[in-house]
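One letter stands for each residue in the lines below.
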Amino acid sequence: MRTRLLSLGLGAVAGVLALAPAVASAQPAADTVAGVATAGATVAVAPSAPSSLTPASATPASDALAGQPSEGAEAPTGTTPGQSLDVPAPVASAPQAPAVRARTALSHARDLFQRGGTSGAHGATWHHGRDATLVLTQLRHHVHDLTSSADRRAARAILARPTYGKKPRKGEHAYTVREQQPVCDAHVCIHYVTSTRDRVATTDANANAIPDYVDQAQEIFAQVWSTEVATLGYHRPMDDSALAQHGVDGKLDVYLQDLATDTNGLYGYCAPDTSNRRSPGYCVLENDYAEAPFQRRSPRQNFEVTAAHEFFHAVQFSYDSYESPWLMEGTAAWMEDEVFDEVDDNRQYLAQSPLTDPELPLNYANFDPAYSPYGGWIFWRFLSEWQGPGAGEDPSVIRGVWNRAASTSSLGALSATLAARHTSLTAAFRSFGTWTRNPRHFFAEGAFYPPARTAKSFLLGSRHPGTGVWGAQLSHLSRAFVRFRPATTLHGAWRLRLHLDMADRSRGSLAQVVTHHPDGTITVHAVRLDRSGEATTSFVFDRSRVSFLDLDLVNTSVKLSDDFRPTLFSVTAVR
């Protein structure tokens, strides 16, 4: 489901950054390959506090704040590495009982369709940042765990298709008048009404007795089907003929309704029709895209990218309706660009993504609107371009992940897909950092992507050549970037001496240094860690040859047990 992006930026905190403890919530977000958490388990890092990057000594480097044009602090003498490093322990919340999860899902779904700004848990307004597809999928998944018959009836009413022909009760989303004759092609049927708030405009320029908006919807979905199913080779949405409640037999039903207001941006959603892992589904899209949140694009453009996104959710239901949100929403947002490349609406989601928050796990996803899963599309864009021949693209790698998704975790499916291509998740995640830190150099449209955020920046000169000992704490599949720039006082042949003390290499520790040269080129250097995760090495730091160096500290592990592994580093400019 697509919602309008909230402007809740999480990055770019100057100076010392603090990392909040991890909290394992009950929402299905992350999973692991090695069985530390089963598919559908959650890893939730407090998104308001990105990765720690704190000085290991008791006295912080006073003039080494990020972005300050001063030279870095002198390295402290007599400091024991890590003596003052704050390493918060992960905190796991108690797992919720099935009945509690079910009641929570019902509450969220009720809030979703209430107009006027109903607040949900944690004071967040559900219909502003909640994912309707995921909310309804969770309700469908847990409806049988509701203990009250009244709650079960309410849940099934919310999950029902809109074609009621009666006044809906609070929290439902039904048509209040009888629908017009659906307009169908070979694969998709468009449902609509011409009165009440759900009406579509009745303008009919071609005089075919069908509103132009409905004609346009049919045309767009035909293109979406052609691209996603016929060209890219994904499963078609499942046939709904066997259901007691269905639209036109066997075809995907799309309902046009008034979903949005001037304060929310609910573009559309899809919902599975059954609680089975593989399920038919139906979709609902906005009836005009005329409200304030949609003014960045034309109504047609909004419909195009929403159709591509939501149709792919219906496709996903034919593989696994209950996959991890980071995979479901990330690949659906990626698909927008595959079908309608010229619209580029998914760029708005990069404001909450691995670019702005590289310290969050790659497979982090949460229902909290402070960090939506949509921005994860940038990883799937990277993967398709990284796996492409030459400077091309190979989108089939994402289909390979979905082909394996139902039989393993999302990360397991990703790892197996890459292994079949003679590479690995570790190799992909290593390169992902280089690409996102320097998007112009690598991505086809990288000139329009912001570079991944720097956690800390140091300016090193002859008076203050060292950083002192600093520490970072990294969750699984996360990273932190640190920048070092030579000051004007460094004349001649200087080198940058780096010492790293990371977790054991077997726990996923990895580091690389990227040199940015004055002519705009870059050079990537892998740091050779010993088995215990330590390394001492040096790099050219001559101002005539180096503009700056980026240190990429990486935790490539997929295990929750490898979260918050402490990393220490110190850097000194030497002749």
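Below is a summary of the structure that appears in this document. (Residues numbered from 1 in each chain as written. Predicted model: local features only at pLDDT ≥ 70, side-chain atom pairs only at ≥ 80, totals over all residues. Heavy atoms only, no water.)

1. Re helix α3 (residues 132-142)
What sets the pattern is the α-helix's 3.6 residues per turn: residues three or four places apart point alike.
Next, step 1: In terms of burial, α3 is largely enclosed, as 10 of its 11 residues are buried.
Next, step 2: On the buried face of α3, the contacting elements are α1 (98-112), α4 (149-159), β9 (266-272), α6 (299-317) and α7 (325-339). (Buried < 20%, exposed > 50% of the residue type's maximum accessible area, 1.4 Å probe, protein only. Helix = DSSP H or I, 4+ residues; strand = E, 2+ residues; numbered from the N terminus. Contact = heavy atoms within 4.5 Å.)

2. Description of the nonpolar core
Next, step 1: Among the nonpolar cores identified, the biggest contains 81 residues, and Tyr234, Phe303, Trp380 and Leu414 are the most heavily contacted of them.
Next, step 2: When neighbours within four sequence positions are excluded, Trp380 is seen to be in contact with Trp326, Leu327, Gly330, Thr331, Trp334, Ile398, Val401 and Leu414.
Next, step 3: Core analysis: the next-biggest nonpolar cluster, separate from the first, contains 29 residues, Trp470, Ala472, Leu529 and Ala535 among them. (Core = buried A, V, L, I, M, F, W, Y, C linked by side-chain atoms within 4.5 Å.)

3. Brief notes about the state of the cysteines
Next, step 1: Scanning all chains against the criterion turns up 2 disulfides.
Next, step 2: At a sulfur-sulfur separation of 1.8 Å, the disulfide partner of Cys270 is Cys283. The disulfide joining Cys270 to Cys283 has a torsion of about 90° about its S-S bond and is therefore right-handed. Taken together, the residues Cys270 in strand β9 and Cys283 in strand β10 (residues 281-286) connect sequence positions 13 residues apart.
Next, step 3: Relative accessible area serves as the criterion here: at 0%, Cys270 is assigned to the buried category.
Next, step 4: What makes Cys283 buried here is its relative accessible area of 0%.
Next, step 5: Cysteine pairing for the protein (bonded cysteines numbered in sequence order): 1-2, 3-4. (Disulfide = S-S within 2.5 Å.)

4. Things to note about the pattern of salt bridges
Next, step 1: Evaluation of the coordinates by the stated rule reveals 22 salt bridges.
Next, step 2: In this structure, Asp151 and Arg110 form a salt bridge, with 4.0 Å as the shortest nitrogen-oxygen distance. With a gap of 41 residues between them, Asp151 in helix α4 and Arg110 in helix α1 connect regions that are remote in the sequence.
Next, step 3: A relative accessible area of 19% means that Asp151 is categorised as buried.
Next, step 4: Among the salt bridges present, the one from Arg300 reaches Glu304, with a minimum N-O distance of 3.0 Å. Of this pair, Arg300 and Glu304 both sit in helix α6, 4 residues apart, which is roughly one turn of that helix.
Next, step 5: Looking at Arg300, the relative accessible area reads 28%, which means it is partly exposed.
Next, step 6: Salt bridges linked by common partners bring Asp337, Glu338, Arg381, Glu385 and Glu393 together as one network. (Salt bridge = Lys/Arg side-chain N within 4 Å of Asp/Glu carboxyl O.)

5. Digging into the pairing of strand β8 (residues 252-257)
Next, step 1: Burial analysis of β8 places 6 of its 6 residues in the buried class, the great majority of the element.
Next, step 2: Here β8 shows two buried faces, one formed by Leu252, Val254 and Leu256 and the other by Asp253, Tyr255 and Gln257.
Next, step 3: Note: strand β7 (residues 188-191) against β8, 4 bridges, orientation parallel. Across the sheet, His191 pairs through a bridge with Tyr255, a residue of β8.
Next, step 4: Running through helix α5 (residues 212-231), the crossover from β7 to the neighbouring parallel element β8 is left-handed.
Next, step 5: Relative to β10, β8 is paired through 5 bridges, and the arrangement is parallel. In the strand pairing of β10, Val254 is matched with Cys283. (Pairing = 2+ DSSP bridges. Right-handed = clockwise from strand over helix to strand, strands pointing away.)

6. Some remarks on the side chain of Thr331
Next, step 1: Position of Thr331 among the secondary structure elements: in helix α7.
Next, step 2: A polar side-chain atom of Thr331 sits 2.5 Å from the main-chain carbonyl oxygen of Leu327.
Next, step 3: Each residue touching Thr331, except ones within four places of it in the same chain, is listed here: Phe312, Gln316, Trp326, Trp380, Ile398 and Trp402. (Polar contact = N/O pair within 3.5 Å; in protein donor to acceptor, adjacent residues only side chain to side chain.)

7. Here's the deal with the sheet that holds strand β16 (residues 522-526)
In a beta sheet, neighbouring strands pair by backbone hydrogen bonds and run either parallel or antiparallel.
Next, step 1: One open sheet holds the 5 strands; their spatial order is β11-β13-β18-β15-β16, and the pairing between them is mixed. The strands lining the two open edges of the sheet, one partner per strand, are β11 (456-460) and β16. Here the strands of the sheet are splayed against their neighbours by 20° on average, with no regard to which way each runs.
Next, step 2: The pairing of strand β15 (residues 509-516) with β16 spans 5 bridges and is classified as antiparallel. Among the inter-strand pairings, His516 is bridged to a residue of β16, identified as Ile522.
Next, step 3: Across the sheet, helix α11 (residues 425-437) touches β13 (478-486), β15, β16 and β18 (548-555), and the angle it forms with β13 is around 45°. (Axes fitted to C-alpha atoms, helices over the stretch in contact; angles between N-to-C directions.)

8. What to know about the packing of aromatic side chains
Next, step 1: All told, the structure shown has 30 aromatic pairs when counted by the stated rule.
Next, step 2: Here the aromatic rings of Tyr319 and Trp402 are separated by 6.0 Å at their centres, their planes lie at 55°, and the arrangement is tilted. Of this pair, Tyr319 sits in the loop between α6 and α7 while Trp402 is found in helix α9 (residues 396-405), placing the two residues 83 residues apart along the sequence.
Next, step 3: Residue Tyr319 is classed as buried on the basis of its relative accessible area, which comes to 4%.
Next, step 4: Residue classification places Trp402 among the buried residues on the basis of a relative accessible area of 1%.
Next, step 5: Ring centres 5.4 Å apart and planes at 15° place the aromatic pair Trp435 and Phe442 in the stacked group.
Next, step 6: Overall, Trp435 belongs to the buried group, its relative accessible area being 11%.
Next, step 7: Feature note: the residues Trp326, Trp377, Phe379, Trp380, Phe382, Trp386, Phe429, Phe432, Trp435, Phe442, Phe443 and Tyr449 constitute an aromatic cluster, connected by ring pairs.
Next, step 8: Cation over ring: Lys456 sits above Phe458, and NZ or CZ is 5.8 Å from the ring centre.
Next, step 9: Directly above the aromatic system of Phe429 lies the positively charged group of Arg479, at a separation of 4.5 Å from the ring centroid. (Phe/Tyr/Trp six-rings, centres within 6.5 Å; stacked < 30°, edge-to-face > 60°. Lys NZ or Arg CZ within 6 Å of the ring centre and 35° of its normal.)

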